[in-house]
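Below, each chain spelled out in residue letters.
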Amino acid sequence: SADLDNERLIREAIEHEFPEDGILGEEGASKAGTSGRRWIIDPIDGTRDFVRGNRFWCVLLAIEEADEILAGVAHFPMLGETYWASRGCGSYRNGELLRVSAIDSIDECCFSPNGLHAAAARPYLARVMDLMQQSWSVRSYGGALDACLLAAGQMEIWFEPKVEVWDLAPLKVIIEEAGGVFLALDGSRRIDRGAAIGCAPGVVKQVREAFGVEG
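A brief report on the enclosed structure follows. Residue numbers run consecutively from 1 along every chain, following the written order of its sequence. Only residues with pLDDT of 70 or above have their local features reported here, since the model is predicted, and side-chain atom pairs are shown and tallied only from 80 upward, although totals for entire chains, interfaces and linings are computed over all residues. Only hydrogens and water are removed before side-chain values are computed, so all heavy atoms of the structure are retained for them.

### Some thoughts on the side chain of Glu7
Secondary structure elements follow DSSP: runs of H or I of four or more residues count as helices, runs of E of two or more count as strands, with numbering from the N terminus. With respect to the element layout, Glu7 can be found in helix α1 (residues 2–17). Throughout this description, buried means an accessible area under 20% of the type-specific maximum (1.4 Å probe, protein chains only), exposed means over 50%, and partly exposed covers the range between. Within this scheme the basic residues Lys and Arg register as positive and the acidic residues Asp and Glu register as negative, but His and the chain ends are omitted. The salt bridge criterion pairs a side-chain nitrogen of Lys or Arg with a carboxyl oxygen of Asp or Glu, the two atoms within 4 Å. Of the side chains bearing the opposite charge, Arg11 lies closest to the buried Glu7, which forms no salt bridge; the N-O distance is 5.7 Å.

### Things to note about the pattern of salt bridges
Scanning the model with the defined rule gives 15 salt bridges in all. Between Arg37 and Asp21 there is a salt bridge, with the nearest N and O atoms lying 2.9 Å from each other. In this pair, Arg37 sits in strand β3 (residues 37–45) while Asp21 sits in the loop between α1 and β1 (22–25), placing the two residues 16 residues apart along the sequence. Judged by its relative accessible area of 28%, Arg37 is partly exposed. Using a relative accessible area of 1% as the deciding quantity, one classes Asp21 as buried.

### A word on the nonpolar core
Across soluble globular proteins, nonpolar side chains show a tendency to be buried alongside one another. Here, the term nonpolar core denotes a set of buried Ala, Val, Leu, Ile, Met, Phe, Trp, Tyr and Cys residues that are joined through side-chain atoms within 4.5 Å. Of all hydrophobic cores here, the largest spans 36 residues; its most connected members are Ala74, Phe76, Tyr83, Trp158, Leu171 and Ile191. Among the elements of the structure, β4 (58–65), β5 (68–76), β6 (81–86), α4 (143–151) and α5 (165–177) are those that each provide at least two residues to this core. Broken down by element, this core gets its largest block of residues, eight residues, from α5.

### Topic: the side chain of Arg93
You can see Arg93 is positioned in strand β7 (residues 90–93). Its relative accessible area of 14% is what places Arg93 among the buried residues. Only heavy atoms matter for contacts: two residues are in contact if any of them lie within 4.5 Å across the pair. Dropping the residues within four chain positions of it, Arg93 is found in contact with Glu81, Thr82, Tyr83, Leu98, Leu149, Ala152 and Gln154.

### As for α5
Under the convention used throughout, the expected extent of a helix is 1.5 Å for every residue step, that is, one less than its residue count. For α5, built from 13 residues, the straight-helix expectation of 18 Å at 1.5 Å per residue is met to within 8% by its first-to-last C-alpha distance of 18 Å. The quantity called bend is, for any residue, the angle between two axes fitted respectively to the seven residues ending at it and the seven beginning at it. Leu171 marks the point of greatest bend in α5, at about 25°. Summarising burial for α5: 13 of the 13 residues are buried, a large majority. Immediately beyond the C-terminal end of α5, within one or two residues, lies Gly179, with a positive phi of roughly 95°.

### So, the packing of aromatic side chains
The description of two aromatic rings rests on the distance between their centres and on the angle between their planes. By convention, a stacked pair of Phe, Tyr or Trp rings (six-membered ring in the case of Trp) has centres within 6.5 Å and planes under 30 degrees apart, an edge-to-face pair has planes over 60 apart, and any other such pair is tilted. The full count for this structure, using the stated rule, is seven aromatic pairs. With centroids separated by 5.0 Å and ring planes inclined at 85°, the aromatic side chains of Phe50 and Trp57 adopt a geometry described as edge-to-face. One aromatic cluster in this structure is built from Tyr124, Phe159 and Phe211.

### Section: the sheet that holds strand β2 (residues 30–31)
The eight strands are arranged β2-β1-β3-β4-β5-β6-β7-β8 in an open sheet whose pairing can be described as mixed. Across the chains shown, the open sheet's two edge strands, defined by having one partner strand only, are β2 and β8 (96–97). Note: two strands are recorded as paired if DSSP finds a minimum of 2 bridges between them. Inspection of the sheet shows β5 paired to β6 by six bridges, in the antiparallel sense. Within β6, the position partnered with Ala71 by the bridge is Ser86. An axis is simply a line fitted to the C-alpha atoms; with a helix, the fit covers only the stretch in contact. Between two such axes, the angle follows the N-to-C directions and lies from 0 to 180 degrees. Here α4 sits on the sheet and contacts β3, β4, β5, β6 and β7; the angle it forms with β5, its principal contact strand, is near 110°.

### Overview of the environment of Val173
If you trace the backbone, Val173 turns up in helix α5. Overall, Val173 belongs to the buried group, its relative accessible area being 0%. Sequence-wise, Val173 and Leu125 are 48 residues apart; in three dimensions their C-alpha atoms are separated by 27 Å. Setting aside residues no more than four positions away along its own chain, Val173 makes contact with Ile69, Leu70, Ala71, Gly72, Ala85, Ser86 and Arg87.

### A word on the pairing of β1
Side-chain alternation along β1 places Gly22 and Leu24 on one buried face and Ile23 and Gly25 on a second face that is also buried. Both β1 and β3 contribute to a ladder of four bridges, which runs parallel. Paired with Gly22 across the bridge in β3 is Arg38. Judged from the two bridges that link them, β1 and β2 form a sheet pairing that is antiparallel. If you follow Leu24 over to β2, its bridge partner there is Ser30. A loop of four residues connects β1 with β2, the two strands running antiparallel in sequence, and Gly28 in this loop sits at a positive phi of about 115°.

This is the structure in structure tokens:
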């Protein structure tokens, strides 16, 4: 019910301010629009954390035009942190400008694999385990927070084996505007390929090799 109510509030605000824009929401909001822009909503990302009272859930919101994310927000109410970015204008945590890590060696990396319990992760488990064993540390707080920590230079590698466009839309621009690399497993930058990798630029070649991503 919280998911549904939150999506309704966001959808109504968008429709009031930008009536010609399209909308796509995890909880069913769908509107084609006529402007060429589309808002992508995940009203509560990390529902299991929300239900258990953990602090790592967030609200995700992005705006897309011509298959490119123009701006995105990841708001963590219980942490008092809002990560946001707009194309060409940088990436921020509250008012702090973010920059990804300069680390360029896997053995100095903090690696965050998520969703390894999902059936979609099975083809990648051997690769993930190998990368975990090479890494300096392994942490997993929840997909969106880990991606944001990557943008803040506190993680170097983030992997999601099963995600939807509303999970990724704002995280893509937050990572890229902080100087990071965002990849689908087919080597593209698309958010509709069902899986995603984010990493610091210094380790992108090693990460591509580890996951068999061409480019």
